[in-house]
Amino acid sequence: MPFLRGYFSGTNDAVRPPWAVVAHHFEALCTGCGNCIGGCPTGILYQGRGKYPAVDFSKGECEFCGECVDQCETGALQRQRADREVPPWSLKANIGDDCLTRQNVTCRSCAEYCESRAITFHHSVGHVARPLLNLSRCTGCGACFAPCPTTAISLNDQSMQSASESERESSL
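Residues numbered from 1 in each chain as written. Predicted model: local features only at pLDDT ≥ 70, side-chain atom pairs only at ≥ 80, totals over all residues. Heavy atoms only, no water.

> Quick rundown of the packing of aromatic side chains? Include the residues and the values.
For the structure shown, the criterion picks out 4 aromatic pairs. With 6.3 Å between their ring centres and 80° between their planes, Trp19 and Phe64 make a pair best called edge-to-face. Here Trp19, found in the segment before α1 (23-29), pairs with Phe64, found in the loop between β2 (53-55) and α3 (67-71); they are 45 residues apart in sequence, far enough to count as distant. The exposure class of Trp19 is buried, given its relative accessible area of 6%. Three or more aromatic residues link up through ring pairs in this structure, and these residues are Trp19, Phe57, Phe64 and Trp89. Its end group placed over the ring of Trp19, Arg79 keeps NZ or CZ at 5.6 Å from the ring centre. (Phe/Tyr/Trp six-rings, centres within 6.5 Å; stacked < 30°, edge-to-face > 60°. Helix = DSSP H or I, 4+ residues; strand = E, 2+ residues; numbered from the N terminus. Buried < 20%, exposed > 50% of the residue type's maximum accessible area, 1.4 Å probe, protein only. Lys NZ or Arg CZ within 6 Å of the ring centre and 35° of its normal.)

> Hey, could you go over the pattern of salt bridges for me, with residue numbers and the actual values?
Counted by the stated rule, this structure contains 2 salt bridges. The salt bridge involving Asp70 is made with Arg79; its shortest N-O contact spans 2.7 Å. The partly exposed category is assigned to Arg79, whose relative accessible area is 25%. The salt bridge involving Asp97 is made with Arg102; its shortest N-O contact spans 3.6 Å. (Salt bridge = Lys/Arg side-chain N within 4 Å of Asp/Glu carboxyl O.)

> Give me the lowdown on the state of the cysteines, citing residues and values where you can.
Under the criterion given, the structure shown has 0 disulfides. Sulfur of Cys36: no disulfide; nearest cysteine sulfur belongs to Cys33 and is 6.3 Å away. Since its relative accessible area comes to 8%, Cys36 is described here as buried. Free cysteine Cys148: the closest other cysteine sulfur is in Cys107, separated by 6.4 Å. Accessibility expressed as a relative area gives 12% for Cys148, which makes it buried. (Disulfide = S-S within 2.5 Å.)

> Tell me what's going on with the environment of Pro87, and back it up with residues and numbers.
Among the structural elements, Pro87 can be located in the loop between β4 (84-85) and β5 (91-95). Overall, Pro87 belongs to the exposed group, its relative accessible area being 60%. For the pair formed by Pro87 and Pro18, sequence separation is 69 residues and the distance between their alpha carbons is 8.3 Å.

> Let's hear about the pairing of strand β6 (residues 119-122): which residues, and what values?
In β6, alternate side chains face the same way, and those of Ile119 and Phe121 are buried while those of Thr120 and His122 on the opposite face are not. Relative to strand β7 (residues 130-134), β6 runs antiparallel, the two sharing 4 bridges. Along β7, the bridge assignment pairs Phe121 with Pro131. (Pairing = 2+ DSSP bridges.)

Take it as geometry only, folks, not as evidence of what the structure does.
Okay, here's the thing in structure tokens:
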């Protein structure tokens, strides 16, 4: 089925708006009306494959204002389920091998934009300060993504990865 929908790799890599229901329910509920896209004050939502809304962090960050949820009339985006608040998503930042600090170039642009202070820098003798990512503090807002000059930062769905890893130094 994913192949028939244009997902040739077998998966849909699009990041859905915050508070999106589980993928198969999302695709069943979302009509592609674009109300959530028009309601996003930061303009990070766009119409992706199948007319489903997707997030583009190169345009900015998610402020978790909930306007996209307020605009959704179909229930594809839900802040509350079964009388409990749910987190917006399980996205977390990841700092890859292209980070400038790996080439001993001083850069701290990611930390400068990280409001939750999930990215700090660890000093070591003989090297420039290296980024330290505290996954428990990371909200997945994407503020660190666009400022990175080498696109070394990605946002990954942590529900698919080990939940026990809460703090680690990026693989530098």
